[in-house]
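# Results of the structural survey
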Amino acid sequence: MQRVTVVCVGKLKERFYAEAAAEYVKRLGRYCRLELVELPEQRLPENPSPAEIERALAREAEAIRAKLPREAAVTAL
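Quantities reported herein were computed from a predicted structural model and do not represent experimental measurements. (Residues numbered from 1 in each chain as written. Predicted model: local features only at pLDDT ≥ 70, side-chain atom pairs only at ≥ 80, totals over all residues. Heavy atoms only, no water.)

### A closer look at the pairing of strand β2 (residues 32–39)
For strand β1 (residues 2–9) and β2, the ladder comprises eight bridges, and the chain directions are parallel. Residue Q2 lies in a different strand from β2, and its bridge partner there is C32. In terms of handedness, the path from β1 via helix α1 (residues 15–28) over to β2 forms a crossover that is right-handed. (Pairing = 2+ DSSP bridges. Helix = DSSP H or I, 4+ residues; strand = E, 2+ residues; numbered from the N terminus. Right-handed = clockwise from strand over helix to strand, strands pointing away.)

Now the structure itself:
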């Protein structure tokens with residue numbers, strides 16, 4: 001069975017979206033093994049400099065790479 005891993009930064013905060021995601025996982029479970037991985041957002045100060053934004057994005061990118069399966073085909077959504 002094909003394995004699909006969706007890695008995202010941030011949490012689904014609104015109940016409607018969380019319920020919709022759970023419904024998709026349930027429906028797709030017949031066709032593949034679907035895993036949703038939510039990673040925490042990097043915190044930024046109120047008025048971040050461009051360098052602070054770049055560092056935060058780099059840390060988020062590294063966290064995403066760490067969660068990717070070894071032989072994964074990567075698609076950005």
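Structure shown, so let's carry the discussion forward.
### Here's the deal with a nonpolar patch on the surface
The grouping of L12, F16 and Y17 at the surface amounts to a nonpolar patch, some 340 Å² of accessible area in total. If you trace the backbone, Y17 turns up in helix α1. (Patch = residues over 30% accessible without salt bridge, like charges linked within 9 Å, V, L, I, M, F, W, Y side chains within 5 Å. Areas by Shrake-Rupley, 256 points an atom, 1.4 Å probe, with all protein chains shown as cover. Salt bridge = Lys/Arg side-chain N within 4 Å of Asp/Glu carboxyl O.)

### Observations concerning the environment of Q2
Relative to the helices and strands, Q2 is located in strand β1. You can call Q2 exposed: its relative accessible area is 57%. If we skip the residues at most four places from it in the chain, Q2 touches C32 and R33. (Buried < 20%, exposed > 50% of the residue type's maximum accessible area, 1.4 Å probe, protein only. Contact = heavy atoms within 4.5 Å.)

### Quick look at the packing of aromatic side chains
All chains considered together, the criterion is met by one aromatic pair. Where F16 meets Y17, the ring centres are 5.5 Å apart and the plane angle is 70 degrees; that geometry is what we call edge-to-face. For F16, a relative accessible area of 59% corresponds to the exposed category. (Phe/Tyr/Trp six-rings, centres within 6.5 Å; stacked < 30°, edge-to-face > 60°.)

### Notes on the pattern of salt bridges
All told, the structure shown has seven salt bridges when counted by the stated rule. K13 is paired through a salt bridge with E41; the nearest N and O atoms lie 3.8 Å apart. Placement of the pair is K13 in the loop between β1 and α1 and E41 in the loop between β2 and α2 (50–67), with a sequence separation of 28 residues. The exposure class of K13 is exposed, given its relative accessible area of 71%. Put simply, E62 and R65 hold a salt bridge, and the shortest N to O gap is 3.2 Å. Here the residue E62 and the residue R65 both occupy positions in helix α2, the gap between them amounting to three residues, near one helical turn.

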